[in-house]
Amino acid sequence: MEIKTIGVLTSGGDAPGMNAAIRAIVRYGLSCGFRMVGVERGYHGLLRGEFKELTAASVSDLIQRGGTILQTARSKAFATPEGIEQASKLAKEYGLDALIVIGGDGSFRGAHKLSETGINTIGIPGTIDNDISCTEYTIGYDTALNTAMEAVDKIRDTATSHQRCSLIEVMGRNAGYIAVDVALATGAEMVLIPERDKHCPKVELVNRIVEDIRQSQKVGKKHHIVIIAEGVGGSQELAQMIEECTEVETRATVLGHIQRGGSPTIRDRVYAAKMGKMAVDLLKEGKTNRVVVVQNGKLTDVDITEGLEMKKNVSEFDYELVGSLSRNIQNC
Ligand code: F6P
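Notes on the structure in this doc start here. Predicted model only: the values in this text are computed from it and were never measured. (Residues numbered from 1 in each chain as written. Predicted model: local features only at pLDDT ≥ 70, side-chain atom pairs only at ≥ 80, totals over all residues. Heavy atoms only, no water.)

**Describing the overall build of the protein**
The condition is simple: By the criteria applied, helices consist of DSSP H or I runs no shorter than four residues and strands consist of E runs no shorter than two, each listed in order from the N terminus. Only the C-alpha atoms count toward the radius of gyration. The rule for a globule is 2.2 Å times the residue count to the power 0.38. Contacts: residue pairs with any heavy atoms within 4.5 Å of one another. To be clear on the numbers: accessible area is Shrake-Rupley with a 1.4 Å probe, and residue cover counts the displayed protein chains and nothing else.
Within the protein, the secondary structure is distributed over twelve helices and eleven strands. The globule rule puts the C-alpha radius of gyration for 332 residues at 20 Å, and the 22 Å found for the protein is close to it. With respect to the principal axes defined by its C-alpha atoms, the protein has extents near 70 × 35 × 35 Å. For the protein, restricting intrachain contacts to residue pairs at least 6 apart in sequence, the fraction spanning at least 24 positions comes to 74%. Per element, the accessible surface of the protein, about 14700 Å² overall, is 49% carbon and sulfur.

Pasting the structure below:
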């Protein structure tokens, strides 16, 4: 099928760099002679026919902006057979032959369903969580890490002044990638992630942290920083329990959605540019149901269905490194 019109949408949680990706897709798509159309509010908007024509000017002054000009949503109605049928019908009526979807696994499942209805779809990984198994990198991850790192550095200043224990909750409902990298980057004493610690009884977590605080005190440390991924949860409760056990003043800070906003870092902008171009190239080659990914440090593409079945895990090495680097002990 000859493609004349390409739609683009952002779906799921927004991520810094999505705008830079939209810009790249639109500008490169136009230069290849395609008509470019934005779908507003993700699949939710697709179901309602929320389309707008995109020109080179529509994406100017965008590369440095966080969020997504197309807006985003999580749509339950779209994920039904009726929803897919309705969305596909509206897209075809508007002349969309292809759709580039920037989002996470859930968004790619939708793209796969749409490809079965005859719309060529390509996915671009965009989520701050970096939790898409088929790719080593997702747009937005680096910016979120830097935002969280700067926040933890600030909390560390005050924790040191007051000789406190600080529990800092970072995003990641199901994945600990942000938590582990932020812990490594800030020299945190400990990290807790859903993959390992979600089902651990609170008392056990408290015992581990308390034991660690005692070790830190022995070597004269003036603060104790614990990074907790959102999926582990309960940071306020943990803080209270730790304070009761140790008499070390303990505070919990939830960084929350601050990690999702802000101007994208250079890494996110560069990936956005390259992945955007590659997505359009895949459509030019007549491909569908593919996702642009980073594997072994290189950009490539995989079948969406196969990609959704792949597995990746937080590196054991990185997780262990957090603890071993924080121990001020002379001998290994
Ligand atoms: O986009 C990923 C993410 O930020 C997760 O880390 C977090 O659990 C979730 O989205 C929060 O979603 P919402 O903004 O819908 O509360």
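So, next bit.
**Considerations on the packing of helix α5 (residues 141–162) against helix α6 (residues 177–186)**
Under the convention used in this document: Note on definitions: angles span 0 to 180 degrees between N-to-C directions of axes, and those axes are lines fitted to C-alpha atoms, for helices only across the stretch in contact. Should an angle fall under 35 degrees it is called roughly parallel, over 145 degrees roughly antiparallel, and 65 to 115 degrees roughly perpendicular, with every other angle called oblique. Crossings are assigned a handedness: left-handed for a near helix turned anticlockwise from the far helix by less than a right angle, right-handed for a clockwise turn. Put simply, Ala, Val, Leu, Ile, Met, Phe, Trp, Tyr, Cys and Pro go in the nonpolar bin, Asp, Glu, Lys and Arg in the charged bin, and everything else, Gly too, in the polar bin.
Contact pair α5 / α6: the axes reach a minimum separation of 9 Å and the direction vectors enclose 50°. Taken together, α5 and α6 sit at an angle that is classed as oblique. Classified by chirality, the crossing of α6 by α5 is right-handed. In contact with Tyr141, Leu145, Ala148, Met149, Val152, Asp153 and Arg156 of α5, α6 contributes Tyr177, Ile178, Asp181, Val182, Ala185 and Thr186. Class assignment of the residues belonging to the contact of α5 with α6 gives a composition of nine nonpolar, one polar and three charged.

**A look at the packing of aromatic side chains**
Our working rule: Here is the rule: rings of Phe, Tyr and Trp (six-membered ring for Trp) pair when centre to centre is within 6.5 Å. Planes less than 30 degrees apart are stacked, more than 60 are edge-to-face, and the remainder are tilted. Using a 1.4 Å probe on the protein chains alone, a residue whose accessible area is under 20% of its type maximum counts as buried, one over 50% counts as exposed, and one in between counts as partly exposed. Either the NZ atom of lysine or the CZ atom of arginine qualifies as a charge over a ring when it sits within 6 Å of the ring centre and within 35 degrees of the ring normal.
What the rule picks out here adds up to four aromatic pairs. Taken together, a centroid distance of 6.1 Å and an interplanar angle of 65° make the contact between Tyr137 and Tyr141 edge-to-face. Pair check on accessibility: Tyr137 and Tyr141 agree, each one buried. Among the aromatic residues, those joined into a cluster by ring pairs are Tyr137, Tyr141 and Tyr271. If you follow Lys312 out to its NZ or CZ, it ends over the ring of Tyr177, 4.9 Å from the centre.

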